[in-house]
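Okay, here's what each chain looks like letter by letter:
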Amino acid sequence: MHDRPHDQIATALAEGGVASSLVAARQPRRARVWDSIVRSFHWSLVAAIALAAATGYLAGASWIDIHVWAGAAAATLIVGRVVWGFFGTTHARFSDFIVSPKTTLAHARALIAGRSERHRGHNPLGAMMIVALLLVTAALAVTGVLAFGGVLKAGPLAFVMTFAAGWTARQIHEALALMLLGLIGLHIAGAIFESWRTRENLVRAMVDGRKEVRPGDHVSPQRQAQPLLAASVVAVLFAATAVIAWTLSLLPGHGVPVAKVDPVYAKECGACHTAYHPSLLPRASWRALLAGLDNHFGEDASLDPATATRLADYLAANAAETADTLPANRLRLVDAARPFTITATPFWTRRHAGIPDAVFASKAVRGRGNCVACHADAGSGRFYPGNIDVPDEATP
Amino acid sequence: MKLKSISIAVAAALVTASAGALADPARQAILDGYAAKAGTKPSPERGKAFFLAAHGGGKPETASCTSCHGQDPRSAGRTRAGKAIEPMAVSVMPGRFTDPAKVEKWFGRNCNTVLGRACTDAEKADFIAFMASQ
């Protein structure tokens, strides 16, 4: 249109009626389709999911807190969007874009046949994607909370979740995360395809909220938004969830050791090395260790019989079998040849594989056995990944 | 000079304190006990040689007392697991060698670890005499 010669334009102008349509074609009217709530939701969710994905896939375990907050933000956004789907502006409403499978199929057939069908809001296939994205993100939030509670004994459900149940939730969480990545890929492909098909930049539409008004568009009945009602519903939901979640997260985690470390144990074992929390080895390992104290990692660490008996009782009563933390569940699977060398367990080896020898040899760490150099909560046996902090001076 | 008088007072206090530490009756009793059983006079010089010697006979990682305690008894040592060991020198740690059970426990463990045998009463007496002189 823009390179139409002037004389043709002049002719068109002379023809009156054509002229107005020509002007309209040069400057098509763009109507507000996506309101500011929908747009800010969309881009905030992009940011939250990007942060959650980056911390979940790329960053180390010590980023767990950022990951959880990103997930919480995504969940909050989803709830807000669902509420807006009932009380929002015309094209924000579920009733505007959720259609029957029959209609969706008809739309798909029309697409394949190359018939132009344009929806100003979400088209039926786009709507399916929106619902799928909302559902999968919500499921990620739910399984995330379950895994956080069971595996890491943190968050609102730590008080009730077993490690085993949490681990199952974690596996589902991972599968859902892959599914979400796939959906995001399809969503982007769909937006590009539809932009090409309808000759309109849909990404721009999600930025400024406007789409061209064209003859033959599917037009939706106008709906008045109820922002105050929506805000009230979201505020009540948010406040209630926050209070309940916060209160529950203060409860002691299921199977998290609470007994204070025996002072005699701490003194005797802590004289030469970290007094490893009793939940870090199973009973059989502690028994074997106590039976061999005369040659304990190359040193005589014999105890008088009374002390030995006291420590044997203490260790048996607080061994890995009595706890349900991640270290207790994983470290109880010991290396058969070295049943009480924690750093020889498959779990320990796997989890520390990426750490250079220089870090362990550094003055700030001094050996693989000095858990507390990096794990601030090692003494409690909890080893929450958010408490990992490798000392700066240890990093080569 | 005010500064000078303070220095003298501090020095005097230190001398008194170390003299007091040296004269700790509990440690003296332990030392006398080992000396009596050994039938020899405790020798700080022999104790020093014993402390610094490479003994062998024990575990390969710990050939000498100094493997963990370090060359200087007035400085902290370090266990093989990386934990600091408070200095052995009585002048720095006045509480050293005053608890008979603790003394026996650590001679028992460490002589076996370093020498592969129990220490003699004479060796123990010399060792304490050396550390008391430090």
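J.: How would you summarise the packing of aromatic side chains if you had to cite specific residues and measurements?
T.: Note on aromatic pairs: each is described by the distance of the centres and the angle between the planes. Evaluated as defined, the whole model comprises 15 aromatic pairs over all chains. Ring centres of Y265(A) and W286(A) lie 6.4 Å apart, and the angle between their planes is 90°; on these two criteria the pair is classed as edge-to-face. Here Y265(A), found in helix α11 (residues 263–270), pairs with W286(A), found in helix α12 (residues 283–291); they are 21 residues apart in sequence, far enough to count as distant. A relative accessible area of 2% means that Y265(A) is categorised as buried. Using a relative accessible area of 5% as the deciding quantity, one classes W286(A) as buried. Each residue in the set Y34(B), F50(B), F51(B), F97(B), F107(B), F127(B) and F130(B) is aromatic and connected to the rest through ring pairs, giving one cluster. Directly above the ring of W167(A) sits R330(A), whose terminal nitrogen or CZ lies 4.6 Å from the centroid. Against the face of W106(B) rests R109(B), its NZ or CZ located 4.7 Å from the ring centre.

J.: Now, about a nonpolar patch on the surface: what can you tell me, with residues and values included?
T.: All names here are of chain A. A cluster of nonpolar residues, W43, V46, V203 and V207, forms a patch on the protein surface that exposes about 340 Å² of accessible area. Inspection of the secondary structure assignment puts V203 in helix α9 (residues 202–208). Of the residues examined, V203 reaches a relative accessible area of 46% and is grouped as partly exposed.

J.: Requested: an account of the environment of I188(A), with residues and values cited.
T.: Its place among the elements puts I188(A) in helix α8 (residues 163–198). Among the residues examined, I188(A) registers a relative accessible area of 46% and is labelled partly exposed.

Cut-offs used in this document
- Residues numbered from 1 in each chain as written.
- Chains lettered and ligands numbered in written order.
- Predicted model: local features only at pLDDT ≥ 70, side-chain atom pairs only at ≥ 80, totals over all residues.
- Heavy atoms only, no water.
- Phe/Tyr/Trp six-rings, centres within 6.5 Å; stacked < 30°, edge-to-face > 60°.
- Helix = DSSP H or I, 4+ residues; strand = E, 2+ residues; numbered from the N terminus.
- Buried < 20%, exposed > 50% of the residue type's maximum accessible area, 1.4 Å probe, protein only.
- Lys NZ or Arg CZ within 6 Å of the ring centre and 35° of its normal.
- Patch = residues over 30% accessible without salt bridge, like charges linked within 9 Å, V, L, I, M, F, W, Y side chains within 5 Å.
- Areas by Shrake-Rupley, 256 points an atom, 1.4 Å probe, with all protein chains shown as cover.
- Salt bridge = Lys/Arg side-chain N within 4 Å of Asp/Glu carboxyl O.

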